[in-house]
Amino acid sequence: MLDFTVWDELLRRYINEKGLVNYAAWKREQPQVLANWLSSLQGMELNSDASSSEQLALWINLYNAFTIATILEKYPIKSVLPKIFDRIPNWIAFLWFFQRRIYDAFGKSYSLAEIENQILRQDLQEPRIHFAIVCASVGCPLLRSQAYLPELVEQQLDEDARRFINNPDKVQYNSASGTLYCNKIFKWYRQDFLSVANSIPEYIRSYLETDLPLTANTAIAYLYYDWSLNQRIS
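What this report covers is the structure whose coordinates are included nearby. All of these numbers come straight from a predicted model, not from anything done at the bench.

Rules of the game
- Residues numbered from 1 in each chain as written.
- Predicted model: local features only at pLDDT ≥ 70, side-chain atom pairs only at ≥ 80, totals over all residues.
- Heavy atoms only, no water.
- Core = buried A, V, L, I, M, F, W, Y, C linked by side-chain atoms within 4.5 Å.
- Buried < 20%, exposed > 50% of the residue type's maximum accessible area, 1.4 Å probe, protein only.
- Helix = DSSP H or I, 4+ residues; strand = E, 2+ residues; numbered from the N terminus.
- Contact = heavy atoms within 4.5 Å.
- Axes fitted to C-alpha atoms, helices over the stretch in contact; angles between N-to-C directions.
- Parallel < 35°, antiparallel > 145°, perpendicular 65-115°, else oblique.
- Left-handed = near helix turned anticlockwise from the far one by under 90°.
- Phe/Tyr/Trp six-rings, centres within 6.5 Å; stacked < 30°, edge-to-face > 60°.

### Re the nonpolar core
Core analysis: the biggest nonpolar cluster contains 76 residues, and Trp 26, Leu 34, Leu 62, Phe 186 and Ile 204 have the highest contact counts within it. For this core, the element with the most residues is helix 4 (residues 52–74), which contributes 13 residues. Contacts of Phe 186, omitting those with residues within four sequence positions, involve Phe 131, Phe 164, Ile 165, Val 171, Phe 193, Ile 200, Tyr 203, Ile 204 and Tyr 222.

### What about the packing of helix 4 against helix 6 (residues 112–123)?
Running from N to C, helix 4 and helix 6 cross one another at 160°; their axes reach a closest spacing of 10 Å. Regarding the angle of helix 4 to helix 6, the classification is roughly antiparallel. In the crossing of helix 4 with helix 6, the sense of the turn from one axis to the other is left-handed. Contacts between helix 4 and helix 6 involve Leu 56, Trp 59, Ile 60, Tyr 63, Phe 66 and Thr 67 from the first element and Leu 112, Ile 115, Glu 116, Ile 119 and Leu 120 from the second.

### Description of the packing of aromatic side chains
In this description, a pair of aromatic rings is defined by centroid distance and the angle of the planes. By the definition in use, this model includes 20 aromatic pairs. Taking the centre distance of 4.9 Å and the plane angle of 70° together, the rings of Phe 97 and Phe 98 count as edge-to-face. Taken individually, Phe 97 and Phe 98 each receive the classification buried, so the pair is uniform in this respect. For the ring pair Trp 188 and Tyr 225, a centre distance of 4.8 Å and an interplane angle of 55° mean the geometry is tilted. One end of the pair, Trp 188, is in helix 8 (residues 185–188); the other, Tyr 225, is in the segment after strand 7 (219–222), with 37 residues separating them in the sequence. On the basis of relative accessibility, which here comes to 6%, the residue Tyr 225 falls in the buried class. Three or more aromatic residues joined by ring pairs form one cluster here, namely Phe 94, Phe 97, Phe 98, Trp 188, Tyr 225 and Trp 227.

Shown next as C-alpha cells:
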C-alpha cells in the first residue's frame, strides 16, 4: 500500500481548520515536494487485491493530491472556473481541467473525472466521497488536514459527511417555509445518495446533529455554488 506520510505532512502544514489551503506558502516553501511524491507513483504497481477501504483511501488521496498539485503549478489563479473578460465563465477550460488524462500512476494516465466517476463512484459506490474529494473551490467540501488511511477511512468519511451536512454554508433549513437548502452536490450526484436513502432530505437527516422535520416530501432548493479558489490568505 502506498505510504501517505508525505501527503499527510503537507496537509497538516498548509491546510487550516476551515479546510482552506495556503497555496502561497506551499508554493514558496515546498514547491516540488508534492509533485515529486506523485511522480514516484509512476513506477509502482496497483494492488489488484486491495480491500475497499484501501482503495477508498488511495483514490481519495490521489484525487485531492493531483488537484492541489495542478493548482500549485498554476498558482496564483482565482478559480478552477476561469472567466473570459472577467464575466463569462470559460466552461471549456473548466471541463478540460477535469477531463485531461495527465495524471500518471501505476503505469496508466488518469483524469480527475475518471478517478471520480469510474473508480470512486462506479466501482466503489461510496456516496460519502462527495464530502471528501475537493475540486479546489469554496463550494466544495472542506479539505481534510490529514491523509485518508485504510484503517480510518470509514470513520473519516463519516466525519466528513457530518461536517459537511452540519455546516450552514452547505445545508440550511428554513422552518418558516419548510424548505431544505442544499449544496448543489446533492443535485449533481442525487442518484448516488438515493442508492442508500429513500430521499435527499432523509439522507441529510441521518447525519444531522439537530432534529429537523425532514421527510421525503420536504421541499428542496439549492444554494449558490462558489467556484472561488479555496485559498487561505494567511
